[in-house]
Amino acid sequence: MNEELLNLFEQIARLVLDIQFLVSIVGFILTLPHLFILTRKSMRTSSTNSIMTGIAIIDLVVLLQVILERGLWFLTHDSPCINLHSFIFEMFFWIGDFLRDTGERASFWMGVFLVLVRLLITKIPESTERLSSYAFGYLIFILMLTVHSLISYSYYREYHLEDSTWLPGEECTEYPEGYIEKGYIRNVQDQDNYSAIIEDYKFNDGMSKILISILYPVLAIFLIFDIRKSARIASAAHSEKNAKERYHSGRMILLMTIFYTITSAPGGISDFIQIYCQVPTHSIMTIIIAYGSIFLSALFCLNSASHCLINFSMSTNYRKAAKMVFFANRKQMNTSVLPINF
């Protein structure tokens, strides 16, 4: 591994981080009204809508964490006069890593259950009432958030903050001579058991990503057949509004599934290589896997930003709810202004 190649990887990683930051800002701006629309009364009709609400909540948390962390890096980059190892900063990064790790994994599994619930409702008519319940979607959301929080907690609980000191740079004239400030460093509590704990965590996290990358294309195939069946029903029932809406809803979920498939596939391949293959420490593959995590995180942010656009372009009920939210408010504001007679 020569230095020029390492520099190339580093330059690409920095570019991807900058793109991720911009995509996260756009995605956060789009997801805010997206979540607001999904929580309207007209949208609280099925479990698939409540699952998408849960996905939107997770997306907002992850996108906000990326924005704050990257924005903080832009503000404090190469600044020797700011103590980045203060208690507040270290806790911020610690909690942020936990939230992003939990959110990314939970979002992928929420997407899986979105497709599964859709397929089960159409394949098992007698279970439609229970599976399509709005509360059932929130139950899945709480369950997924709890499970994946515990997985992340098993790893991040092993850290603690050790006392340290921070000295400002010589060019920082605003500090008195000999100024010392308290700092903190995140470190492992139990070094002896840490190796076993991180191996278990990597295995559980890796198997989750591998399973996700396999499930999505399989579910997408089943969903395609289900949509074709819904299309025949919708074409036969010319006046059946529910049949047509079910067909459009299926197409929307299929497109979200395709985006999830594209987003999860690289991570599944990467984790499969790490778990089942022997990768030399100083090989190109090791560097690709290391820098690849940055690319995968950026891909997740891009997928999160697409959800609002997919829903708006493919769901009739979603567009109606959006028009009621925004145009009704505008109309109310216009009517509240009384004309002045001279």
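Structure: see above.
Residues numbered from 1 in each chain as written. Predicted model: local features only at pLDDT ≥ 70, side-chain atom pairs only at ≥ 80, totals over all residues. Heavy atoms only, no water.

A.B. asks: Just to check I follow, could you spell out a positive patch on the surface for this structure?
C.D. replies: Together, Lys123, Arg228, Lys229 and Arg232 make up a positively charged patch on the protein surface. Mapping arginine 232 onto the fold places it in helix 6 (residues 191-236). (Patch = residues over 30% accessible without salt bridge, like charges linked within 9 Å, V, L, I, M, F, W, Y side chains within 5 Å. Areas by Shrake-Rupley, 256 points an atom, 1.4 Å probe, with all protein chains shown as cover. Salt bridge = Lys/Arg side-chain N within 4 Å of Asp/Glu carboxyl O. Lys, Arg positive; Asp, Glu negative; His and termini not counted. Charge placed at Lys NZ, Arg CZ, Asp CG, Glu CD. Helix = DSSP H or I, 4+ residues; strand = E, 2+ residues; numbered from the N terminus.)

A.B. asks: What exactly am I supposed to notice about the nonpolar core here?
C.D. replies: Proteins that are soluble and globular tend to have nonpolar side chains buried together. Ile51, Met110 and Leu223 are the most contacted members of the largest nonpolar core, which totals 43 residues. When residues in this core are grouped by element, the largest group, ten residues, is from helix 3 (residues 87-123). Leave out the neighbours within four places in its chain, and leucine 223 touches Val115, Arg118, Leu119, Gly250, Ile253, Leu254 and Thr257. Counting ten residues, the second-largest nonpolar core is a separate cluster that includes Tyr159, Leu161, Tyr184 and Val188. (Core = buried A, V, L, I, M, F, W, Y, C linked by side-chain atoms within 4.5 Å. Buried < 20%, exposed > 50% of the residue type's maximum accessible area, 1.4 Å probe, protein only. Contact = heavy atoms within 4.5 Å.)

A.B. asks: Whenever I open this one, the packing of aromatic side chains confuses me. Can you help?
C.D. replies: Remark: the centre distance and the inter-plane angle together describe each pair of aromatic rings, the angle taken between the planes. Tallied over the full model, the rule gives 15 aromatic pairs. Between phenylalanine 87 and tyrosine 184, the ring centres sit 5.4 Å apart and the planes meet at 70°, which makes this aromatic pair edge-to-face. On the criterion of sequence distance, the pair formed by phenylalanine 87 in helix 3 and tyrosine 184 in strand 2 (residues 181-188) is long-range, its members being 97 residues apart. The class of phenylalanine 87 is partly exposed, set by a relative accessible area of 44%. For arginine 186, the ring lying beneath its charged end belongs to tyrosine 159, and the centroid distance is 5.6 Å. (Phe/Tyr/Trp six-rings, centres within 6.5 Å; stacked < 30°, edge-to-face > 60°. Lys NZ or Arg CZ within 6 Å of the ring centre and 35° of its normal.)

A.B. asks: So what exactly am I meant to see when it comes to the environment of serine 154 here?
C.D. replies: You can see serine 154 is positioned in helix 5 (residues 134-156). You can call serine 154 partly exposed: its relative accessible area is 28%.

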